[in-house]
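# Understanding the architecture of this molecule
What follows is each chain in one-letter form.
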Amino acid sequence: MFSVIIPLYNKAAHIEKAMRSVLNQSYHEFELIIVNDGSTDNSLQVVNHYLHSQQKEGNNSLVEHVRIINQPNAGVSMARNAGVQEAKYDYIAFLDADDWWQKHYLAKMKVLIEEFPGAKLYSSSYYQVKRGIRHKANIGVDDAFKAGYIDYCEVYAKTLCMPVWTSATIISKKAYEEFHGMNPAIKLGEDFDLWIRIALKYKVAFLNQPLAYYNHDVEQENRAVVYGRVYPPHQHYIFNLGYLESEECNNASLKKLLDALRVYVLHPYYLDKTTREIAKMELLKVNWENQPMKERIRYRIPVSLLQLQFRFMRLGSMAKQYILTPNKKQNEGTIFK
């Protein structure tokens, strides 16, 4: 049986779709815990209205699956941790309030757990939804791979597309508690910080079927990952991985992954004068011989030229978003509801 946890903060436009995708699952052995993390919009009213409408339609058995926890705003990690603390069952399924599941997600993940009981972390492939159009995530597993245990670090390092993405992940509650859940001090990559700790100790099982939808069409102010946004270093996972130092020296797959992530995410910190030195300290850890030539060149050319390139890329991204956003509604029909 599953405890499904949805952290909710100001997602009034999306939460009903997320809830519907859970309550309409073909496998019904679950509870749904919605942790309202101090929303200041009408998210909670949307939740209650939807539950009330289901009761009026005679779907009381579905509504009985749902519990709501209200707490002052404390961040997504604290919301998830609070949900796990209240969970009744042995397996925790996370879903963010702006994402959704395919109808047979829980049923197929149940089969994955039964076939690969040696894992503590289970995940499926997923679709990324951009401007209303779905694209299968380019996860670093072969097309011929159907299901089984994976080397989390090796797979992640191939494409830097998350093989364990939170809204398509189920975790043993005991493992979650063993590692004390998600670190509330980290605001970006708090999920990776937990997954990597678990993956280095326990097996990870992966189902190569896209069963969840990662919504990139959320309003930018409500997204954790936005191109050009720079979090304070103490809130970013890349600056909080010192506990992996000894493991990194002895684990080639881990070293390869962490170096690739450093090169990929440290670019804006390297360009910013206030964070350049701390970024350089992280970049000193990188084995540059194993990095693509374009990345080696990028970090060697004058910072002023990099800053100019970055500004053009950011402007281009904003212009593209502005031009293509009006087409979102007419593309919505391409998404599996």
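Labelled according to an unreviewed UniProt entry, the chain appears under the name Glycosyl transferase family 2, originating from Paludibacter jiangxiensis.

### Quick notes on helix α4 (residues 76–86)
Turning to α4, its buried residues number three or more, namely Ser77, Ala79, Arg80, Asn81, Ala82, Gly83 and Val84. Buried residues belonging to α4 abut β1 (2–8), β2 (30–37), β3 (66–71), β4 (91–94), α7 (173–178) and α8 (190–199).

### Overview of the packing of aromatic side chains
Here the structure, examined in full by the defined rule, presents 18 aromatic pairs. Summarising the aromatic geometry, the rings of Tyr126 and Trp165 are spaced 4.7 Å apart at their centres and angled 40 degrees between planes, so their arrangement reads as tilted. Pair noted here: Tyr126 is in strand β6 (residues 119–130) and Trp165 is in the loop between α6 (152–159) and β9 (169–172), with a separation of 39 residues, a long-range link. Note on Trp165: relative accessible area 4%, which makes it buried. Site record: aromatic cluster; members linked through ring pairs are Tyr152, Tyr156, Phe192 and Tyr237. A cation sits over an aromatic face here: Lys203 above Tyr149, 4.6 Å from the ring centre.

### Focus: the nonpolar core
Ranked by internal contacts, the top residues of the largest apolar core, which has 100 residues, are Leu106, Tyr152 and Phe192. It is strand β10 (residues 203–215) that provides the largest number of residues to this core, a total of seven residues. Taken together, domain 1 (2–222) and domain 2 (233–324) each give at least three residues to this core, which thus spans both. Every residue in contact with Phe192, bar those within four places of it in the chain, is listed here: Tyr152, Tyr156, Tyr237, Leu241, Leu257, Leu258 and Leu261.

### Overview of the environment of Val263
Looking at the element boundaries, Val263 is found in helix α10 (residues 252–265). A relative accessible area of 2% means that Val263 is categorised as buried. Taking the C-alpha atoms as reference points, Val263 and Val286, separated by 23 residues in sequence, lie 7.8 Å from one another. For Val263, the residues in contact, after removing those within four places along its chain, are Val286, Trp288, Gln291, Glu295 and Tyr299.

### Topic: unusual backbone geometry
Phi at Asn10 is positive, roughly 55 degrees, even though this residue is not glycine. Along the chain, Asn10 turns up in the loop between β1 and α1 (15–23). We classify Asn10 as buried; its relative accessible area is 14%. In this model, His180 sits at a positive phi of 60 degrees, which is unusual for a non-glycine residue. His180 sits in the exposed class, given a relative accessible area of 71%.

Criteria and thresholds
- Residues numbered from 1 in each chain as written.
- Predicted model: local features only at pLDDT ≥ 70, side-chain atom pairs only at ≥ 80, totals over all residues.
- Heavy atoms only, no water.
- Buried < 20%, exposed > 50% of the residue type's maximum accessible area, 1.4 Å probe, protein only.
- Helix = DSSP H or I, 4+ residues; strand = E, 2+ residues; numbered from the N terminus.
- Contact = heavy atoms within 4.5 Å.
- Phe/Tyr/Trp six-rings, centres within 6.5 Å; stacked < 30°, edge-to-face > 60°.
- Lys NZ or Arg CZ within 6 Å of the ring centre and 35° of its normal.
- Core = buried A, V, L, I, M, F, W, Y, C linked by side-chain atoms within 4.5 Å.
- Domains from an automatic or database assignment.

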